[in-house]
Amino acid sequence: MLLAAGAGLGFTSVSPWSNAGVAATTFGIAALIWLALVHLVAASAGGYLAGRLRTQRVGLHTDEVAFRDTAHGFMTWAVSAIVTALLLASTAAMVIGGTARLGATAASGVASSVSDMASQAAGRVDLSNLDPSAYLTDALFRSERPAPASTDAGPARAEVGRIVAISIRNGDIAPADKTYVASVISTQTRISQPDAEKRINDAIAKTKEVAAKAEQTARETADIARKGAASFALATFIAMLIGALASSYGATLGGRARDKVEA
């Protein structure tokens, strides 16, 4: 009930708007404090009831009575921890699934960035459906003198697109492919061969730069998720430890109230 109340009060959710709500650090601290308070309050109440309602044994030493009350309180906390874990199993699965989707999204961002750059350079060639045999076929019919410039540059762009796409997939462009693509670009755009080669170098370098930035972003996202999971695990351990101590001590207070012993 307290966990549900915390969710309703906004202690376990963050506003999706960048300029609304609290900062991520403040939210993390508030969530951890609320988690500790939930364990403290709930475990204390459960431990107190366990000690107060335990059957009174006449003739036992005071230390033995305190030990039994403490043990009952600790067992109350242990059982409640198991029940809570079962109730929150679906929530944990959602968190893990969200982290996995986040990692998959970050990883797909790398492929998407590379694919976009390659598609722009390749005349919107679909890299996912790229047929290597088309590249080999183009190589078989490759001429030392590319077709002259015309109003319809579609076939030349498609051929160059396949070459560029294959080169990006392989990590670099082969010297022979680079020379041929430069000659085609030079013929179609009427620029010099060196200028055409410079365009190719710039396009490949820009693609690699975008891919490197996307990969760095994916790594940073994964690292943030890893640190967040570690912090949450440590906070959960501390909160559960607080709950164990609170339940054990609450049981001793309940035992004193049961035996009408002054604290």
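The preceding data block contains the structure.
These numbers come from a predicted model, not from an experiment.

Colleague: Before we go on, may I ask you to explain the overall build of the protein chain in this structure?
Modeller: Along the protein chain, the regular secondary structure elements total eight helices and zero strands. Written out in order from the N terminus, the α and β elements of the protein chain read α-α-α-α-α-α-α-α. With 263 residues in all, the protein chain has 26% of them scored as buried. Working note: accessible area of the protein chain is about 17,000 Å², and carbon and sulfur atoms make up 65% of it.

Colleague: So what exactly am I meant to see when it comes to the pattern of salt bridges here?
Modeller: When the charged atoms of two side chains with opposite charge come close together, those side chains can pair. What the rule picks out here adds up to nine salt bridges. Salt-bridge contacts for Asp202 lead to Lys198; the nearest nitrogen and oxygen are separated by 3.0 Å. Linking Asp202 with Lys198, this pair stays in helix 8 (residues 193–259), spanning four residues, or about one helical turn. Lys198 gets classed as exposed once you look at its relative accessible area, which sits at 52%. Between Glu209 and Lys213 there is a salt bridge whose closest N-O contact spans 3.4 Å. With Glu209 and Lys213 both in helix 8 and four residues apart, this pair spans about one turn of that helix. Residue Glu209 is classed as partly exposed on the basis of its relative accessible area of 44%. Look at Lys213 and you get exposed, because its relative accessible area is 54%. If you follow the salt bridges from partner to partner, you end up with Arg54, Asp69, Arg258 and Asp259 in one network.

Colleague: Where do I start with the side chain of Ser186 in this structure?
Modeller: When you line up the elements, Ser186 lands in helix 7 (residues 175–189). By relative accessible area, Ser186 is classed as buried at 16%. From its side chain, Ser186 meets the backbone oxygen of Ile191 in a polar contact 2.4 Å long. Not counting residues within four places of it along the chain, the set of residues in contact with Ser186 comprises Ile191, Ser192, Gln193 and Ala196.

Colleague: In this structure, what is going on with the packing of helix 7 against helix 8? I would like to understand it.
Modeller: The angle between the axes and the distance between the axes are what describe a pair of packed helices. Helix 8 packs onto helix 7 with a crossing angle of 115° between their chain directions and a minimal axis gap of 8 Å. Seen along the crossing, helix 7 lies across helix 8 with a hand that is right-handed. Packed against helix 7, whose contacting residues are Lys178, Thr179, Val181, Ala182, Ser183, Ile185, Ser186 and Thr189, the element helix 8 presents Gln193, Ala196, Glu197, Arg199, Ile200 and Asn201 at the interface. Grouping the amino acids of the contact of helix 7 with helix 8 by side-chain chemistry returns five nonpolar, six polar and three charged.

Colleague: Looking at this model, I keep getting lost on helix 3 (residues 62–87). Mind explaining?
Modeller: An α-helical segment advances 3.6 residues per turn. Residues three or four places apart therefore align on the same side. Between the first and last C-alpha of helix 3 there are 38 Å, a value that for 26 residues agrees with the 38 Å anticipated at 1.5 Å per step. Restricting attention to buried positions, one finds in helix 3 the residues Val65, Asp69, Gly73, Trp77 and Ala81.

Colleague: What am I meant to see in the environment of Phe67 here?
Modeller: Position of Phe67 among the secondary structure elements: in helix 3. Judged by its relative accessible area of 56%, Phe67 is exposed. Spatially, the C-alpha atoms of Phe67 and Thr252 are 8.3 Å apart, while their sequence positions differ by 185 residues.

Colleague: How should a nonpolar patch on the surface be read in this particular structure?
Modeller: Together, Leu2, Ile29, Ile33, Leu37, Leu40, Val41, Leu234, Phe237, Ile238, Leu241, Ile242 and Leu245 line one region of the surface with nonpolar side chains, adding up to about 1,100 Å² of accessible area. Elements that contribute at least two residues to the nonpolar patch include exactly helix 2 (24–53) and helix 8. Sort the elements by how many residues they give to the nonpolar patch and helix 8 lands first, with six residues. As for its placement among the helices and strands, Leu40 is situated in helix 2.

Colleague: Just to check I follow, could you spell out the nonpolar core for this structure?
Modeller: Nonpolar side chains in soluble globular proteins generally cluster together in the buried interior. Val160, Val181, Val184, Ile185 and Ile200 are the most contacted members of the largest nonpolar core, which totals 14 residues. The set of elements that each furnish at least two residues to this core consists of helix 6 (154–170), helix 7 and helix 8. Those residues in contact with Ile185, other than ones at most four positions away along the chain, are Arg190, Ile191, Ala196, Arg199 and Ile200. Counting residues in each nonpolar core, the second largest holds five residues, with Ala43, Trp77, Ala81 and Ala246 among its members.

The rules we used
- Residues numbered from 1 in each chain as written.
- Predicted model: local features only at pLDDT ≥ 70, side-chain atom pairs only at ≥ 80, totals over all residues.
- Heavy atoms only, no water.
- Helix = DSSP H or I, 4+ residues; strand = E, 2+ residues; numbered from the N terminus.
- Buried < 20%, exposed > 50% of the residue type's maximum accessible area, 1.4 Å probe, protein only.
- Areas by Shrake-Rupley, 256 points an atom, 1.4 Å probe, with all protein chains shown as cover.
- Salt bridge = Lys/Arg side-chain N within 4 Å of Asp/Glu carboxyl O.
- Polar contact = N/O pair within 3.5 Å; in protein donor to acceptor, adjacent residues only side chain to side chain.
- Contact = heavy atoms within 4.5 Å.
- Axes fitted to C-alpha atoms, helices over the stretch in contact; angles between N-to-C directions.
- Left-handed = near helix turned anticlockwise from the far one by under 90°.
- Nonpolar A, V, L, I, M, F, W, Y, C, P; charged D, E, K, R; others polar.
- Expected span 1.5 Å × (residues − 1).
- Patch = residues over 30% accessible without salt bridge, like charges linked within 9 Å, V, L, I, M, F, W, Y side chains within 5 Å.
- Core = buried A, V, L, I, M, F, W, Y, C linked by side-chain atoms within 4.5 Å.

Treat this as a map of the structure, not an account of what it does.
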